[in-house]
Amino acid sequence: MGSFVPSTPSEQQELLRALGLSSFRELYGVVPQEMYLEDGALNLPSGLSELEVSRSVSAMAGKNRIFSTILRGAGAYDHYIPSIVKYIPTKEEFLTAYTPYQAEMSQGILQSIFEYQTMICELTGMDVSNASVYDGATAAAEAAAMCRDRKRRVTLISGAAHPDTIQTVRTYCYGTGDELRVVPVKDGKTDLEALKEMLSSEVASFYVQQPNYYGVLEDAEAIGAMVHEAGAMYVMGCNPISLGILKTPRECGADVAVGEGQPLGMPLSYGGPYLGFMCTTQKHMRKLPGRIVGETVDSKGERAYVLSLQAREQHIRREKASSNICSNQALCALTAGIYMATMGADGIKEAAKQSMAKAHYLAKSLCAIEGVELAYSGEFFHEFVTTMPKAEEVLKALEAADILGGLPVEGGILWCATEKVSKAQLDQAVEIVKEVLA
Amino acid sequence: MKLIFEKSTAGHRCSILPACDVEEVALPAELARGEAPKLPELSETEISRHYTELNKRVHGVNCGFYPLGSCTMKYNPRIDEGMAALPGFTAVHPLAPAHTVEGCKEALDTAKQYLCEITGMDDMTFQPAAGAHGEFTGVLLIKQYHDARGDSKRRKIIVPDSAHGTNPATAAMCGYDVVNIPSAPNGCVDLEALKAVLGEDTAGLMLTNPNTVGIFDENILEITRLVHEAGGLCYYDGANLNAVMGVVRPGDMGFDCIHLNLHKTFATPHGGGGPGSGAVGCKAALAPYLPKEDGIRVRSFHGNFLVVIKALTYLLTLGKEGVPEAAKNAVLNANYLQSKIRGTFTPAFDRLCMHEFVLDLSEFKKETGVSALDVAKTLIDHGMHPPTMYFPLIVHEALMLEPTETESRETLDEAAEIFRKLYELAKTDPEYMHAAPHHAQIGRPDEVRAARNPILRYSF
């Protein structure tokens, strides 16, 4: 049996005796006999030594394919993670500390979150960021909730947003009994005419993802103007790497900017843990859910950081709180901060430019093959959809060559390229596609 | 200490990416951002030093005793970290074809098997990313269940006044009206108060057992029976599972669905405030309502997968014998510590506790003028992370201690001695304690100023 209990059985007996007891059963005296599990009652295997556990779990990991080239995105992106970004969050104190409620002994965490909040504001152009939420999809749902008021309760979302985001927002709306309406897609983008018609006086907000699920760049600024003219709030879901070069949500008129922070130093990890960032303008600051770190002074007048504006939160407002969210994703926010510091503005810009360049190179090379076409006509960042015959065979052939090809979606295959993939890897993939379609 | 932005020097950088090996593509001007973001410019040396300096101002479980009631700050095993860092897990895309991720499937199935057995549930999801997120998911199961039966009059969720703030907040997020019931003087559910509010409009009850004052409610079977009789369902808040895992199963207590905090009971690290994992289990009748393709979804992809790997590794290590051993020693340690402190501070409930106990400092404050907050802040000077303060709300001047099973007797004896010292100090030098801490990273921060004049980012 593996155990992390320091005391020996005889030491445990001593403690029991010190309490005037002779058995563990007495400690659980008030537990009715019919529900008390005797020793060995659990129908589980016996515990294991560390070496055995290591073998067992490693064997499970060994049953997963590690592809040497990944050309699939769709909400989870294979960017290069600098070594220092991997290493720092493994430091024991960062890793094992609790939430920084006791500011006097947690300045390290509080300051790192304050720095993260600042960097996210710089990246998005917004005024205020929270300490993070679970992921991009829940950030979108929380943003929709924050935009509702007594008069305006309907949430609009673009049909070109990530399906998981739409489904998550739909679930949160189901919870509160609010209505979600999906704006149709036209040529891989939000249908602006449909949007205009759907922007009625009961609409609280419209959410658009930029770039969208199909990789296409939306007319974010025009959409913002349309949404504001209808008196609603504008929520943009952003890719943080793309913000190295793309117009910021602030510049597009967003009231709330959210997104999936996974590209900022978190590995693919079969989907988690990831990072939801949420930021807004000064005007809407007090509507932001979740933890926020603020600056103040201590009793000696020295600069200090604390969890702030807690009157918004569940432990104070209970059933009147706007969200039940209690924790953030602190270690992931720390990771994102280290990534942004390591890459710097130039590095993120470079990662963005190269991702875009490689994706366009891949698209051009694939479309040079007979039978392959781009599904949509709009500008794209680092993802695009192609139509081609024998799609399944193509993906199988790529898999055999250790390449994870694009994701099969309605309308074709959704490909992605990041700065991590080399020209040689792209050329190899294209060759294989060419062979299959020949 | 300087902020990272205050350490920035123009031109300092790390060299991470090579030059682009394909032709550059320009963004149309109208889509391009105007100004570059102001991110710090640092060399790797400077980054390394900055985060080392920050890390020195963080108190981890590795630094010392961390008796935070309700948080289960047990030791985080290193093997869990090692397994979660395996490339076979970290390099896997969430949308990779099923036949290429058999290992992920096996890991999740094994974790589900262990946790369903421990909790007495039939099915489980790992999609929720945190405890509160799990609560939301669990209450949505109840909501879907009643909606599917066309039972629209069930608008109320019952919550005891001792509950964690997330419970009523969750119920509100699911469109329910919250009915708070007062706790009995012994801290447990007042059966008469419960009966008085049960009816045709009851959707369910949210409960923690042992409860937030660390006591196992011996009426639990009657409580769940009453709720079921009224047509409601019972939700178990698993925050306190460390007291009973492998000893009592929530399923056997009559609960229909539960959430677990993998980052508490199952030893995954807290990370300074996440990421955790709020696995949700349920009985077969609710299984159709778990997250699925044409049903609900509470976040993208599959949940905090690497966190589940850490919990799985821990479960495989403990196994059949280790799971109840952990719970039993958590309860033993809490009772031992309570008995050692009892000579000075006053336990709120003078009886055997479960894995945590609450001290009531209201009389102590009247006598000495020293509050629970003052005691907590003075503990910081002694290198101990303070216990949970002012929770649950039903005890005044509360300090809640949860030692966990991974502490030795020596640590508990030392802790009791520190509490004894502070008890004496309050009588001889209360002023010192009002102004504590004196030797920490900072003195007491002005929280009022922070809220009144919010500065939430650095300004260049």
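Before reading on, note that the structure itself is shown above.
Below, the structure is looked at part by part. This one's a predicted model, so the numbers in the text were calculated from it and none came from an experiment.

What counts as what
Residues numbered from 1 in each chain as written. Chains lettered and ligands numbered in written order. Predicted model: local features only at pLDDT ≥ 70, side-chain atom pairs only at ≥ 80, totals over all residues. Heavy atoms only, no water. Helix = DSSP H or I, 4+ residues; strand = E, 2+ residues; numbered from the N terminus. Rg over C-alpha atoms; globule rule 2.2 N^0.38 Å. Contact = heavy atoms within 4.5 Å. Areas by Shrake-Rupley, 256 points an atom, 1.4 Å probe, with all protein chains shown as cover. Lys, Arg positive; Asp, Glu negative; His and termini not counted. Charge placed at Lys NZ, Arg CZ, Asp CG, Glu CD. Disulfide = S-S within 2.5 Å. Buried < 20%, exposed > 50% of the residue type's maximum accessible area, 1.4 Å probe, protein only. Buried area = accessible area lost by both parts, 1.4 Å probe. Salt bridge = Lys/Arg side-chain N within 4 Å of Asp/Glu carboxyl O. Polar contact = N/O pair within 3.5 Å; in protein donor to acceptor, adjacent residues only side chain to side chain. Nonpolar A, V, L, I, M, F, W, Y, C, P; charged D, E, K, R; others polar. Pairing = 2+ DSSP bridges. Axes fitted to C-alpha atoms, helices over the stretch in contact; angles between N-to-C directions. Phe/Tyr/Trp six-rings, centres within 6.5 Å; stacked < 30°, edge-to-face > 60°. Lys NZ or Arg CZ within 6 Å of the ring centre and 35° of its normal. Core = buried A, V, L, I, M, F, W, Y, C linked by side-chain atoms within 4.5 Å.

**Some details on the overall build of chain B**
1) Next: In terms of helices and strands, chain B carries 15 helices and ten strands.
2) Next: Against the compact-globule benchmark of 23 Å for 460 residues, chain B has a radius of gyration of 25 Å, which places it among compact chains.
3) Next: Judged by the C-alpha coordinates and their principal axes, chain B covers about 75 × 65 × 45 Å.
4) Next: Across chain B, contacts joining residues at least 24 apart in sequence account for 73% of those joining residues at least 6 apart.
5) Next: For chain B, the accessible area works out to roughly 15,300 Å², and carbon and sulfur atoms hold 50% of it.
6) Next: For chain B, the separation between the mean place of its 43 positive charges and that of its 58 negative charges on side chains is 2 Å.

**Observations regarding the state of the cysteines**
All names here are of chain B.
1) Next: Under the counting rule described, the total for this entry stands at zero disulfides over all chains.
2) Next: Among the cysteines around cysteine 282, which has no disulfide bond, cysteine 257 carries the closest sulfur, lying 7.1 Å off.
3) Next: The exposure class of cysteine 282 is buried, given its relative accessible area of 0%.

**Comments concerning the interface of chain B and chain A**
1) Next: Each partner contributes residues to the interface: chain B has 203 residues there, and chain A has 181 residues.
2) Next: Interface area, chain B with chain A, both sides summed: about 16,400 Å², of which 63% is carbon and sulfur.
3) Next: For chain B, the biggest contributors to the area lost against chain A are Arg33(B), Tyr51(B) and Leu456(B); these three give 5% of the whole.
4) Next: For the pair chain B and chain A, the interface holds twelve salt bridges.
5) Next: For Arg299(B), the salt bridge is made with Asp135(A), and the minimal N-O distance between the two is 3.5 Å.
6) Next: For the pair chain B and chain A, the number of links is 92 residue pairs in polar contact (both at pLDDT 80 or more).
7) Next: Sort the elements by how many residues they give to the side of chain B that touches chain A and helix α10 (residues 305-341) of chain B lands first, with 28 residues.
8) Next: Across the side of chain B that touches chain A, the residue classes tally to 111 nonpolar, 50 polar and 42 charged.

**Details of helix α12 (residues 372-381) of chain B**
An α-helical segment advances 3.6 residues per turn. Residues three or four places apart therefore align on the same side.
All names here are of chain B.
1) Next: With nine of its ten residues buried, α12 lies for the most part within the structure.
2) Next: If you follow the buried residues of α12, they end up packed against α11 (362-368), β9 (388-389), β10 (398-401), α13 (409-428) and α14 (430-434).
3) Next: Glycine 383 lies just past α12 and shows a positive phi near 75 degrees.

**Some points on the sheet that holds strand β7 (residues 280-282) of chain B**
All names here are of chain B.
1) Next: Across the sheet, seven strands lie side by side as β1-β7-β6-β5-β4-β2-β3; this open sheet has mixed pairing. What marks the edges here is a single partner per strand, and that holds for β1 (123-125) and β3 (177-181). Here the strands of the sheet are splayed against their neighbours by 20 degrees on average, with no regard to which way each runs.
2) Next: Looking at chain direction, strand β5 (residues 233-237) and strand β6 (residues 257-259) are connected through three bridges and run parallel.

**A closer look at the packing of aromatic side chains**
1) Next: In this structure the tally under the stated criterion is 20 aromatic pairs over all chains.
2) Next: Aromatic pair Phe4(A) and Tyr314(B): ring centres 6.3 Å apart, planes at 15 degrees, arrangement stacked. Pair noted here: Phe4(A) is in the segment before α1 (9-18) and Tyr314(B) is in helix α10, and the two residues belong to different chains.
3) Next: Among the aromatic side chains, those forming a connected cluster through ring pairs are Phe345(B), Phe364(B), Phe419(B) and Tyr423(B).
4) Next: The cationic tip of Lys143(B) hangs over the ring face of Tyr174(A); the distance from NZ or CZ to the ring centre is 5.2 Å.
5) Next: Above the ring of Tyr176(B), the side-chain terminus of Lys143(B) is found at 5.8 Å from the ring centroid.

**Details of the sheet that holds strand β14 (residues 383-387) of chain A**
All names here are of chain A.
1) Next: Ordered in space as β13-β14-β17-β16, the four strands form an open sheet in which the pairing is antiparallel. A strand with exactly one partner marks an edge of an open sheet, and here the two such strands are β13 (373-374) and β16 (407-409).
2) Next: Where helix α12 (residues 330-367) meets the sheet, it contacts β13, β14 and β17 (412-416), and its direction lies at approximately 10 degrees from that of β14.

**Re the pairing of β10(B)**
All names here are of chain B.
1) Next: Here β10 shows no split at all, with Ala398 and Met400 on one side and Leu399 and Leu401 on the other all buried.
2) Next: Two strands pair when backbone bridges link them, and strand β8 (residues 357-360) and β10 are joined in this way by four bridges, in the antiparallel orientation. Its bridge partner being in β10, phenylalanine 357 is matched across the sheet by leucine 401.
3) Next: Bridge analysis of β9 against β10 gives two bridges, and the strand direction is antiparallel. Within the sheet, the bridge partner assigned to methionine 389 lies in β10 and is leucine 399.

**Here we look at the nonpolar core**
1) Next: Ranked by size, the top nonpolar core spans 111 residues in total, and within it Tyr28(A), Leu262(B), Phe266(B) and Val375(B) carry the most contacts.
2) Next: If near-sequence neighbours (up to four positions away) are discounted, Tyr28(A) is found in contact with Tyr36(A), Ala243(B), Val244(B), Val247(B), Ala327(B), Lys328(B), Val331(B) and Met354(B).
3) Next: The next biggest cluster of nonpolar side chains, apart from the first, holds 90 residues, and it includes Tyr98(A), Leu243(A), Leu54(B) and Tyr458(B).

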